[in-house]
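Next come the chains, spelled out residue by residue.
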Amino acid sequence: MRTPDVATLAKLIAALVPHDGNVDLRVAGVRVARVSQTNQEPRYYVQRPSLCIIAQGVKTVMIGGETYGYEAGQMAVYSIDVPMAGRVTRASYSEPYLMLQIDLDAQKLAELALKVFPHGLPQPRDARALHVGDADANVIDASIRLLQLTPQPVDAGLLGPLVVDEILIRLLRSPMGSRVAQIGSDGSSVQRIGEAVSWLRTNYDQPVSIQNLAKLVNLSVTSFHRQFKSVTGMSPLQYQKTLRLQEARRLMLTATLDAGQASRRVGYSSASQFTREYGRFFGSAPAKDINRLREAGLTGADA
């Protein structure tokens, strides 16, 4: 059951995004979202490091082999760019799924973590890409004040960034704080794997050398493999494959490329390997999958 403060946050979000979709607010890195229908078809995308506060509805996300759920009154923290699939599982036109998202900047978190933890950062129990927990009452209160600034351009520009800093400080001081602090901590697993992820996202269509990636982040191959999977939930090669397959699907829907063209565009040298891996990942062969999505009226952004 939602607390009164979460209900207030939901009303503010609903007023700022009256129709389904995402709206960027006047404060940089802050956006709100509304979804009025559940979706049986998962949406595939790469989630950026962010704090998501759910004010209404329920969502399920799949990362690697793990499934997570979060609902009204909870917050989800994504610590690294991670390819995922998401489904809104509770939403209606009368009570849509409503969410506030705030980007997490590593440099800003590093600055604030030094103030919150002046005697050194606490060690987290794990470094997974996603952490879900109950929304802190102080975080909700600050989020409400942040959204109340939005209709006032001058106040939003001057005070909005300060309220975002407050939210991040409250987050650092919450039970999730030790994990959040790792995002900006030099040499942490999250920071090192983030460098490797950045390379993979930029060069997803190129052959990858695990030895070179491990060297890039100053880890042995064994440690790199272990830490990469611990953070992202998948191996480096699985991560790259997921990026390739998601992009190929988008290209076939939006650029009307056939499977052979799309597979070459994303770095596959073997069309048969692409078809085989695509079928395992999405559940059916490329042509059949794309036809099904088009018949359902889905676009590249949806899929």
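Everything below is about the structure printed above this text.
Residues numbered from 1 in each chain as written. Predicted model: local features only at pLDDT ≥ 70, side-chain atom pairs only at ≥ 80, totals over all residues. Heavy atoms only, no water.

(A) Layout of the overall build of the protein chain. Counting its secondary structure elements, the protein chain contains 12 helices and 10 strands. Rg of the C-alpha trace for the protein chain: 20 Å, near the compact-globule value of 19 Å for 303 residues, within the 12% margin. Overall, the C-alpha framework of the protein chain stretches about 55 × 50 × 35 Å when taken along its three principal axes. For the protein chain, the proportion of its 303 residues judged to be buried stands at 50%. Partitioning the intrachain contacts of the protein chain with sequence separation of at least 6 by distance along the chain shows that 72% fall at a separation of at least 24. As presented, the protein chain carries roughly 14500 Å² of accessible surface, and 49% of it is formed by carbon and sulfur atoms. Of the side chains in the protein chain, 34 bear a positive and 27 a negative charge, and the two mean positions are spaced by 5 Å. (Helix = DSSP H or I, 4+ residues; strand = E, 2+ residues; numbered from the N terminus. Rg over C-alpha atoms; globule rule 2.2 N^0.38 Å. Buried < 20%, exposed > 50% of the residue type's maximum accessible area, 1.4 Å probe, protein only. Contact = heavy atoms within 4.5 Å. Areas by Shrake-Rupley, 256 points an atom, 1.4 Å probe, with all protein chains shown as cover. Lys, Arg positive; Asp, Glu negative; His and termini not counted. Charge placed at Lys NZ, Arg CZ, Asp CG, Glu CD.)

(B) How the structure looks around the sheet that holds strand E6 (residues 66-71). The sheet built from four strands is open, its strands ordered E3-E8-E5-E6 with antiparallel pairing. Looking at which strands have only one partner, the edges of the open sheet turn out to be strand E3 (43-47) and E6. On average, each strand axis in the sheet is inclined to that of its neighbour by 35 degrees, with strand direction left out of account. Bridge count between strand E5 (residues 58-63) and E6: six bridges; the pairing is antiparallel. The residue of E6 that forms the bridge with valine 58 is glutamate 71. (Pairing = 2+ DSSP bridges. Axes fitted to C-alpha atoms, helices over the stretch in contact; angles between N-to-C directions.)

(C) A look at helix H12 (residues 286-295). By the burial criterion, the buried members of H12 are Pro286, Asp289, Ile290 and Leu293. Here the buried residues of H12 occupy an arc of 95 degrees about the axis, which is enough to place them on one side. For H12, the exposed residues set more than 90 degrees away from the buried face come down to Ala287, Lys288 and Glu295. Elements that come into contact with the buried residues of H12 comprise helix H9 (236-254), helix H10 (259-265) and helix H11 (271-282). (Arc of directions from axis to C-beta.)

(D) Highlighting the packing of H9 against H12. The interhelical angle for the contact between H9 and H12, taken along N-to-C directions, is 55 degrees, at an axis separation of 10 Å. Considered as vectors, H9 and H12 are oriented oblique to each other. In this structure, H9 meets H12 at a crossing whose hand is right-handed. Between H9 and H12, the residues in contact are Arg249, Met252 and Leu253 and Pro286, Asp289, Ile290, Arg292, Leu293 and Arg294, respectively. Here the contact of H9 with H12 is built from residues that sort into five nonpolar, no polar and four charged. (Parallel < 35°, antiparallel > 145°, perpendicular 65-115°, else oblique. Left-handed = near helix turned anticlockwise from the far one by under 90°. Nonpolar A, V, L, I, M, F, W, Y, C, P; charged D, E, K, R; others polar.)

(E) Structural view of a nonpolar patch on the surface. Together, Val154, Leu158, Leu159 and Leu162 line one region of the surface with nonpolar side chains, adding up to about 410 Å² of accessible area. Here leucine 159 lies in helix H4 (residues 153-172). Overall, leucine 159 belongs to the partly exposed group, its relative accessible area being 39%. (Patch = residues over 30% accessible without salt bridge, like charges linked within 9 Å, V, L, I, M, F, W, Y side chains within 5 Å. Salt bridge = Lys/Arg side-chain N within 4 Å of Asp/Glu carboxyl O.)

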